[in-house]
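One-letter residues, chain by chain:
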Amino acid sequence: MIQHYPFQVFPLPYLYDSLEPYINMETMYFHHSKHLAAYVDNLNSLIGPYPQFHDWTLERLLLENQQLPEDIRTGVWNNAGGVYNHELYFAGMSPNATELQGKLKDSLLLDFGTWENFYNSFFQEALKLFGSGNLWLVADERGKLVILPLPNQNTPLPKGLSPVLVLDVWEHAYYLEYQNLRAEYIHSWFHIVNWTEAERRYQNALFDNVLRYGDCLRSQQQVH
Ligand code: MN
């Protein structure tokens, strides 16, 4: 996501109704064209008066947040996070069936033992995340996969962790369709995960980490 001011609403890579019956059109319409758009508008309003930050990417606004003037620091943290997280969330779903495969599948089985262990762990963490937030599957600097709950619109970037998947469990992500039944929403989301995109992100994370840390990654390890 190479973007800078003025930020724009990321176009959905599918139609609002194409994730049905798992997420309905109304939910997708409000989530994308209202909630995400509000984060984009807020971020532009905050950065607008500061031309020195107009070429900063979303990632830089998050990673170097402490360098921003104090009066916009928290607002940029929340709204740049909101834009960044939603782009990952929306692009991490697909109306077309995709398959967990490749290095991501190998690492997932290495780190969680079985698909069922991963599924159950992710499901339970998503269910118990208190309040508003996102549940992440991230890769650490050695490529190890970790499930990470983060509140509000926090991102894993400042922790040096690379996003692979994110599940939005803010009520606005499911309340119109599922009301209080977050568990049903989580089950539904698993039907529309874009594993091809997740694998692409994971490969990029491994590649970036080879550049940063050298050739000492677990991608070299064998899965038995
Ligand atoms: Mn959301």
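Within every chain, residues take consecutive numbers counted from 1 along the sequence as written. Since the coordinates come from a predicted model, pLDDT governs what is reported: local features require at least 70, and pairs of side-chain atoms require 80 or more to be given and counted, while whole-chain, interface and lining totals use all residues. Side-chain calculation: all heavy atoms of the structure are included, whereas hydrogens and water are not.

What about the nonpolar core?
Here, nonpolar core refers to any group of buried Ala, Val, Leu, Ile, Met, Phe, Trp, Tyr and Cys residues whose side-chain atoms link them within 4.5 Å. When accessible area is computed with a 1.4 Å probe and restricted to protein chains, residues below 20% of their type maximum are described as buried, those above 50% as exposed, and intermediate ones as partly exposed. Tyr89, Met93, Leu137 and Tyr185 are the most contacted members of the largest nonpolar core, which has 71 residues in total. Each helix corresponds to a stretch of at least 4 residues labelled H or I by DSSP, and each strand to a stretch of at least 2 residues labelled E; elements are numbered beginning at the N terminus. The biggest single contributor to this core is helix H3 (residues 70–91), with ten residues. Throughout, the edges of the domains are those of an automatic or database domain assignment. Shared between two domains, this core takes at least three residues from each, and those domains are domain 1 (25–91) and domain 2 (102–223). Those residues in contact with tyrosine 185, other than ones at most four positions away along the chain, are Ile23, Tyr89, Leu167, Asp168, Val169, Ala173, Tyr174 and Tyr178. In what follows, a contact means two residues having at least one pair of non-hydrogen atoms within 4.5 Å.

What to know about the environment of valine 9
Locating valine 9 in the fold gives a position in the segment before helix H1 (25–47). Taking the C-alpha atoms as reference points, valine 9 and lysine 34, separated by 25 residues in sequence, lie 9.9 Å from one another. With residues near it in sequence (within four places) discarded, valine 9 still touches His32, Leu36, Ala37 and Val40.

Here's the deal with the domain arrangement of the chain
Interface size, as often reported, equals the accessible area lost upon joining of the parts. Partitioning the chain into domains gives domain 1 (25–91) and domain 2 (102–223). Computed over C-alpha atoms, the centres of domain 1 and domain 2 are 21 Å apart. Contacts between domain 1 and domain 2 engage 19 residues on the former and 22 residues on the latter. The contact between domain 1 and domain 2 buries some 1,800 Å² in all, and 60% of this surface belongs to carbon and sulfur atoms. The largest per-residue losses of area from domain 1 upon contact with domain 2 belong to Thr27, Asn85 and Tyr89, which jointly make up 32% of the total buried on that side. Salt bridges are defined as contacts in which a side-chain nitrogen from Lys or Arg sits within 4 Å of a carboxyl oxygen from Asp or Glu. Our count for the domain 1 to domain 2 interface comes out at zero salt bridges. Polar contact is defined as a pair of N or O atoms within 3.5 Å, subject to the rule that within protein one atom must be able to donate a hydrogen and the other to accept it, and that residues adjacent in sequence are counted only when both atoms are side-chain atoms. At the junction of domain 1 and domain 2, the tally comes to ten residue pairs in polar contact (both at pLDDT 80 or more). When residues of the side of domain 1 that touches domain 2 are traced back to their parent elements, those giving at least two are H1, helix H2 (58–63) and H3. Ranked by residues supplied to the side of domain 1 that touches domain 2, first place goes to H3 with ten residues. Charged means Asp, Glu, Lys or Arg here, nonpolar means Ala, Val, Leu, Ile, Met, Phe, Trp, Tyr, Cys or Pro, and polar covers whatever is left, Gly included. Within the side of domain 1 that touches domain 2, the residues separate by chemical class into nine nonpolar, eight polar and two charged. What counts as buried area is the accessible surface, traced by a 1.4 Å probe, that two parts surrender upon association, with contributions from both included.

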